[in-house]
Amino acid sequence: MRHVTGRARRAGVALAAVLTWAGLLAGAAGCSGDGRSGLDRVLGKPPAPEDAIRITPRDGAREVRPGQALRVRVPDGRLESVKVVRSQDAQEAEVPGRISADGRSWSPRDGRLALAARYEVDAVAVDGDGHRSARHTTFTTHVPEERFIGYVTPENRATVGTGMIVSLEFNREIENRAAVERAVRVTADPAVEVRPHWFGTSRLDFRPEHYWKPGTRVTVSLRFRDVEGAPGVYGLQHRTFSFDVGRHQVSVVDAAEHTMRVRREGELLATVPITAGAPKTTTYNGKMVVTEMLDVTRMNGATVGFKKKNGKGEYDIPDVPHAMRLTESGTFLHGNYWASPEAFGRVNLSHGCVGLRDVKGGGADTPAGWFFDRSLIGDVVEVVRSEDKTVAPDNGLGGWNMNWREWTAGSAVN
């Protein structure tokens, strides 16, 4: 009996050993939450870096869209450090972000990926067993075939008159106007409310309720880079510029009286005799802003619709002096040397422009030369008592002809 009992005891020990290893092997057959097998855990084998640190987008990914999330996470343990570097336009910049309070994930401060960029991600983590892992991945983002930009008025560092309106002309139709509008910021010092107004889908203007105060510094910030203005069309610009507002000068052209009264800071500088549009080619009424100043320019009627039967312009003057553009449609205030001197202050005979007496080549001591030398881009010229309609607000910088309620209603964000 003792012999049998001893054999039974040895058999029981062997059976226990078999069951123990069977349990271990059973555990090894499955996977743990961090992607390692149970056997790896038993043997103390550290996890593969791609299992210990999960990074999206995947390593080597191309054409990643901006809406895809950039994330770094660990299934077990905690992240020690994460560094993400973006290379774009031959410049490198570290992407700011934060590790979560539990140490399990990292996310960027700006959740949207940049377009046409290469990202490098370096992460270090410690798992629950104290194993440290490091991982390096790269991916590149989508390069759009179409881009939009905004051509801005006025120029950087310009000094302008108090009637200047910030105007952006886009090279593409903008469908997502709210997103594009939010990417523009116009501020003033001293501070004043500045509001936007859309003219159609390719022009966005900004102005205060009243003319700018002299001495104001206006700063324009464009953050169009990677903003989707239309399906598949993304912005390109990321820039900030400023301009200064000079003295306040408004000149009122009375087409019925054939005069222009020039006032600076509210005080009358001079009353200048003028000739405005003839009865069949009248001058627009309303407030217009000087957008261009040319010592001399060519004016051909064919370019603005004044044509003879043979297709040639009703006029073609190669050397118009002291020309200041008031509208995109071709209204100028300019020097006139070809009309009789007696016409100024007495009769309207132009094709819609406002003419001041001048000499061929432009004279400094003529009415046109005097006014040109005392004008700035951004000055306001207002025409009254003409037998014509008020200039359209999008014809040049004619937005001052809209009241504040009409102007602010033109925002896409309201």
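Residues numbered from 1 in each chain as written. Predicted model: local features only at pLDDT ≥ 70, side-chain atom pairs only at ≥ 80, totals over all residues. Heavy atoms only, no water.

**Thoughts on the packing of aromatic side chains**
Working step 1: Summed over all chains, the structure comprises 8 aromatic pairs.
Working step 2: Centre to centre, the rings of Phe 170 and Trp 198 are 5.9 Å apart; their planes meet at 25 degrees, and the pair counts as stacked. In this pair, Phe 170 is assigned in strand β12 (residues 166-170) and Trp 198 in strand β14 (residues 194-198), connecting sequence segments 28 residues apart. Neither Phe 170 nor Trp 198 differs from the other in exposure class; each is buried.
Working step 3: With a centroid separation of 6.0 Å and an interplanar angle of 70 degrees, the aromatic rings of Phe 199 and Trp 407 are classed as edge-to-face. Within this pair, whereas Phe 199 is found in the loop between β14 and β15 (203-208), its partner Trp 407 is found in helix α6 (residues 404-408), the two being separated by 208 residues in sequence.
Working step 4: Look at Trp 407 and you get buried, because its relative accessible area is 0%.
Working step 5: Each residue in the set Phe 148, Phe 170, Trp 198 and Phe 224 is aromatic and connected to the rest through ring pairs, giving one cluster.
Working step 6: Positioned above the aromatic ring of Trp 407, the side-chain terminus of Arg 207 is 4.9 Å from the ring centre. (Phe/Tyr/Trp six-rings, centres within 6.5 Å; stacked < 30°, edge-to-face > 60°. Helix = DSSP H or I, 4+ residues; strand = E, 2+ residues; numbered from the N terminus. Buried < 20%, exposed > 50% of the residue type's maximum accessible area, 1.4 Å probe, protein only. Lys NZ or Arg CZ within 6 Å of the ring centre and 35° of its normal.)

**So, the pairing of strand β20 (residues 249-254)**
Working step 1: With 5 of 6 residues buried, β20 is to be regarded as a mostly interior element.
Working step 2: Across 6 bridges, β20 lies against strand β21 (residues 259-264) in antiparallel orientation. Residue pairing across strands places Val 253 opposite Met 260, the latter belonging to β21.
Working step 3: The antiparallel pairing of β20 with β21 creates a hairpin that spans 4 residues between the two strands, and His 258 there sits at a positive phi of about 65 degrees. (Pairing = 2+ DSSP bridges.)

**Points about the nonpolar core**
Working step 1: Residues Phe 170, Val 180, Val 186, Phe 206, Phe 224 and Phe 243 are the most contacted members of the largest nonpolar core, which totals 34 residues.
Working step 2: For this core, the elements supplying multiple residues, two or more each, are β12, β13 (184-189), β14, β15, β16 (217-223) and β19 (238-245). (Core = buried A, V, L, I, M, F, W, Y, C linked by side-chain atoms within 4.5 Å.)

**Considering empty space enclosed by the protein**
Working step 1: Applying the stated criterion across every chain, the model contains 1 cavity of 30 Å³ or more.
Working step 2: Roughly 30 Å³ of internal volume is contained in the largest cavity.
Working step 3: What lines the largest cavity is simply Ala 52, Asp 76, Ala 125, Val 126, Asp 127, His 131 and Ser 133.
Working step 4: Considered class by class, the residues forming the lining of the largest cavity number 3 nonpolar, 2 polar and 2 charged. (1 Å grid on protein atoms, 1.4 Å probe; cavity = no way out; pocket = protein on both sides within 12 Å on 5 of 7 lines; lining within 4 Å. Points joined across faces, edges and corners; volume = space filled by probe spheres on them. Nonpolar A, V, L, I, M, F, W, Y, C, P; charged D, E, K, R; others polar.)

**Observations regarding the sheet that holds strand β10 (residues 150-153)**
Working step 1: What the 4 strands build is an open sheet, ordered β10-β12-β15-β14; its pairing is antiparallel. The strands lining the two open edges of the sheet, one partner per strand, are β10 and β14. Taking the axes of each pair of neighbouring strands and ignoring which way they run, one obtains an average angle of 20 degrees across the sheet. (Axes fitted to C-alpha atoms, helices over the stretch in contact; angles between N-to-C directions.)

**A short note on the sheet that holds strand β17 (residues 228-230)**
Working step 1: What the 3 strands build is an open sheet, ordered β9-β18-β17; its pairing is mixed. At either end of the open sheet lies a strand with only one pairing partner, and these are β9 (146-148) and β17. The sheet shows a mean angle of 45 degrees between the axes of neighbouring strands, taken without regard to direction.
Working step 2: In terms of strand pairing, β17 meets strand β18 (residues 233-235) through 2 bridges, oriented antiparallel. Bridging from a neighbouring strand, Glu 228 pairs with Tyr 234 of β18.

**Remarks on the layout of surface pockets**
Working step 1: Put simply, the largest pocket is a space of about 520 Å³.
Working step 2: Considering the residues around the largest pocket, the lining is formed by 21 residues, among which Arg 86, Gln 88, Asp 110, Ala 114 and Asp 226 are closest to the centre.
Working step 3: Of all the secondary-structure elements, those providing two or more residues to the lining of the largest pocket are β3 (78-88) and β4 (91-94).
Working step 4: Sort the elements by how many residues they give to the lining of the largest pocket and β4 lands first, with 3 residues.

**Thoughts on the side chain of Asp 379**
Working step 1: Along the chain, the position of Asp 379 falls in the loop between α5 (367-373) and β28 (380-384).
Working step 2: A relative accessible area of 3% places Asp 379 in the buried class.
Working step 3: Among the polar contacts listed, one links the side chain of Asp 379 to the side chain of Arg 247, at a separation of 2.8 Å.
Working step 4: Excluding residues that lie within four positions of it along the chain, Asp 379 makes contacts with Gly 161, Arg 247, Gln 249, Met 288, Val 289, Val 290 and Arg 374. (Polar contact = N/O pair within 3.5 Å; in protein donor to acceptor, adjacent residues only side chain to side chain. Contact = heavy atoms within 4.5 Å.)

**Concerning the pattern of salt bridges**
Working step 1: Enumeration according to the criterion identifies 16 salt bridges in this entry.
Working step 2: Measuring nitrogen to oxygen at the nearest pair gives 3.4 Å for the salt bridge that ties Asp 226 to Arg 147. Of this pair, Asp 226 sits in the loop between β16 and β17 while Arg 147 sits in strand β9, and the two are 79 residues apart along the sequence. Of the two residues, Asp 226 and Arg 147, neither departs from the other in class, the shared state being buried.
Working step 3: By sharing partners, the salt bridges in this structure join Asp 89, Arg 147, Arg 225 and Asp 226 into a single network. (Salt bridge = Lys/Arg side-chain N within 4 Å of Asp/Glu carboxyl O.)

**Looking at the environment of Arg 261**
Working step 1: Within the element layout of this structure, Arg 261 appears in strand β21.
Working step 2: Each C-alpha atom of the pair Arg 261 and Glu 382 lies 9.9 Å from the other, and the pair is 121 residues apart in sequence.
Working step 3: Residues in contact with Arg 261, not counting those within four places in the same chain, are Val 250, Ser 251, Val 252, Leu 268, Ala 270 and Thr 271.

**A look at unusual backbone geometry**
Working step 1: A cis geometry characterises the amide bond from Thr 56 onward to Pro 57, with omega recorded as 0 degrees.
Working step 2: Its location among the elements puts Pro 57 in the loop between β1 (54-56) and β2 (71-73).
Working step 3: Residues Asp 189 and Pro 190 are joined by a peptide bond in cis, for which omega reads 5 degrees.
Working step 4: On the secondary structure map, Pro 190 appears in the loop between β13 and β14.
Working step 5: One non-glycine residue, Asp 89, lies in positive phi territory at about 55 degrees.
Working step 6: Look at Arg 157: it is not a glycine, yet its phi comes out positive at around 65 degrees.
Working step 7: With respect to the helices, strands and loops of the structure, Arg 157 is situated in the loop between β10 and β11 (159-160).
Working step 8: The class of Arg 157 is exposed, set by a relative accessible area of 68%.

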